[in-house]
Amino acid sequence: MDIILLGPPGAGKGTQAQRLQAKRGMIQLSTGDMLREAVAKGSPVGLKAKAVMEAGNLVNDAIVSALIGERLDSAAEHGAIFDGFPRTGHQAEALEILLGERGRKVDHVIELVVDEEALVDRITGRFTCANCGAPYHDHFHPPKVAGTCDVCGTHEFKRRPDDNEETVRKRMAEYRAKTAPILPIYEARGLVRRVDGMKSVEDVAAAIDAILDSPAA
């Protein structure tokens, strides 16, 4: 089963993808991670990508498609979760060709729908212990004793520099701009399903499982 998982940063895509990998043996194909991994390994496609990036250019669709094809052939017998690809109509066509050549197809397109204001609050309020990495949130999960980590007792905390309102809203706008071109393609084929990404991790997981266990369109 091959699915496209959509959702803005902070919607919980990564958490759900990890769960699907553990439960169903699927693999998450995140183009950014795949490029870095291919370059590090020095694979044929990775070497091409490295040359392009070192020249200061963007990696083209042909290289990304070759990279995806490589992963589909080597480690995706139980299905793939596409994250960050496709982002354009042209990439959607390329993915159809890649999958079709292997007797596969996109089975579901799942979008984690979030409330922008609530997502801003969710992301900007999170922080971690600088010592052990324990996660906290200003409103939803503060330390039991203010200024002291529940786990290791240290008093040092840190926040990601991009977890600020301006950056979060910019990322939301960028997500909408990038998904807008591909959603109509899959909606026309009846493949798009939407899940409330503001619910608990367990509820979101159950909703995704219900979709994946239903007959594909």
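Above this note sits the structure.
Worth saying up front: this structure is predicted, and the values here are computed from it rather than measured.

Asks: Tell me about the nonpolar core, and name the residues and values.
Replies: The biggest cluster of nonpolar side chains holds 32 residues, and the ones touching the most others in it are Ile-68, Phe-82 and Tyr-186. In this structure, Phe-82 is in contact with Asp-2, Ile-3, Ile-4, Leu-5, Leu-29, Ile-68, Leu-72, Leu-95 and Leu-99, ignoring residues within four places of it in sequence. The next biggest cluster of nonpolar side chains, apart from the first, holds 20 residues, and it includes Ile-3, Met-26, Leu-112 and Ile-211.

Asks: Before we move on, could you go through the sheet that holds strand β8 (residues 192–196) and cite the residues and values that matter?
Replies: Strand order in the open sheet formed by five strands is β2-β3-β1-β4-β8, with parallel pairing between adjacent strands. The sheet is open, and its two edges are formed by β2 (27–30) and β8, each paired on a single side. Going from strand to strand, the sheet's axes swing by 25 degrees on average, the running direction of each strand aside. In terms of strand pairing, β2 meets strand β3 (residues 80–83) through four bridges, oriented parallel. Bridge pairing in β3 places Gln-28 opposite Ile-81. Lying on the sheet, helix α9 (residues 201–212) is in contact with β1 (2–6), β4 (106–113) and β8; it crosses β4 at an angle near 155 degrees.

Rules used in this analysis
- Each chain carries its own residue numbering, running from 1 in the direction its sequence is written.
- Residues qualify for local features only when their pLDDT is at least 70, as the model is predicted, and side-chain atom pairs are given and counted only at 80 or more; totals for whole chains, interfaces and linings, by contrast, use all residues.
- Side-chain measures were taken over the full set of non-hydrogen atoms in the model, leaving aside hydrogen atoms and water.
- The criterion is simple. A nonpolar core is a set of buried Ala, Val, Leu, Ile, Met, Phe, Trp, Tyr and Cys residues joined through side-chain atoms within 4.5 Å.
- Burial classes: relative accessible area under 20% of the type maximum marks a residue as buried, over 50% as exposed, and values in between as partly exposed (1.4 Å probe, protein chains only).
- Any two residues whose heavy atoms approach within 4.5 Å at even a single point are treated as in contact.
- Pairing between two strands is assigned when DSSP locates at least 2 bridges connecting them.
- Every helix listed is a DSSP run of H or I at least four residues long, and every strand listed is a run of E at least two residues long, numbered separately from the N terminus.
- A fitted line through C-alpha atoms represents every axis, and for helices the fit uses only the stretch in contact; the resulting angles, taken between N-to-C directions, go from 0 to 180 degrees.

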